Amino acid sequence: MGNIKFVKEDKEVIAADGANLRLKAMDNGVDIYKFFGKLTNCGGVGQCGTCIVEIVEGIENLSTPTDVENRMLKKKPANYRLACQTLVNGPVSVVTKP
């Protein structure tokens, strides 16, 4: 089990190993989308890139970036992830809408 701390929202959520970061955020009322992303998000299949989050602690407790993430985030910092493609396997701190 791992806790997900959403830094800006000052909210901590308990997640089972292998939990999807986007779904845990949505299930707990954490908004990960900017205005445009709310209108155009792909529903979690990794095609739009609107669910970008910054991992500030615990990046080693996340799944390996997928090929989709590597393509979508190639010009972003290494600690940016697509929430829809990220599985949580331990404690992590996340900044939404970086």
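Look a little higher up for the structure.
Here we summarise the structure given alongside this text. Note that the coordinates shown come from a computational prediction; the quantities given were computed from them, not determined experimentally.

1. Looking at the layout of surface pockets
Size it by volume and the largest pocket reaches roughly 180 Å³. Lining of the largest pocket is provided by Ile32, Lys34, Phe36, Gly37, Gly49, Thr50, Ile52, Lys76, Tyr80, Lys97 and Pro98. Residue composition of the lining of the largest pocket, by class: 5 nonpolar, 3 polar and 3 charged.

2. Description of the nonpolar core
One recurring pattern in soluble globular proteins is that nonpolar side chains are buried together. If you look at the biggest cluster of nonpolar residues, it comprises 24 residues, and the most contacted ones within it are Ile4, Phe6, Leu21 and Val94. Those elements that provide at least two residues to this core are β1 (2-6), β2 (11-15), α1 (21-27), β4 (52-57), β5 (80-82) and β7 (92-96). Tallying contributions element by element places β4 first for this core, with 3 residues. Residues within four places of valine 94 in sequence aside, it is in contact with Ile4, Lys5, Phe6, Val7, Leu21, Val53, Glu54, Ile55 and Val56.

3. Some thoughts on the sheet that holds β5
Strand pairing within a sheet occurs via backbone hydrogen bonds; the two strands may be parallel or antiparallel. Read across the open sheet, the 5 strands follow the order β2-β1-β7-β4-β5; overall the sheet is mixed. Each having just a single partner strand, β2 and β5 make up the two edges of the open sheet. In this sheet, adjacent strand axes meet at a mean angle of 35 degrees when their direction is disregarded. In terms of strand pairing, β1 meets β2 through 5 bridges, oriented antiparallel. Of the residues in β2, the one forming a bridge with isoleucine 4 is valine 13.

About the criteria used
Residues numbered from 1 in each chain as written. Predicted model: local features only at pLDDT ≥ 70, side-chain atom pairs only at ≥ 80, totals over all residues. Heavy atoms only, no water. 1 Å grid on protein atoms, 1.4 Å probe; cavity = no way out; pocket = protein on both sides within 12 Å on 5 of 7 lines; lining within 4 Å. Points joined across faces, edges and corners; volume = space filled by probe spheres on them. Nonpolar A, V, L, I, M, F, W, Y, C, P; charged D, E, K, R; others polar. Core = buried A, V, L, I, M, F, W, Y, C linked by side-chain atoms within 4.5 Å. Buried < 20%, exposed > 50% of the residue type's maximum accessible area, 1.4 Å probe, protein only. Helix = DSSP H or I, 4+ residues; strand = E, 2+ residues; numbered from the N terminus. Contact = heavy atoms within 4.5 Å. Pairing = 2+ DSSP bridges. Axes fitted to C-alpha atoms, helices over the stretch in contact; angles between N-to-C directions.

Scope: geometric values only; no functional claims are made or implied.
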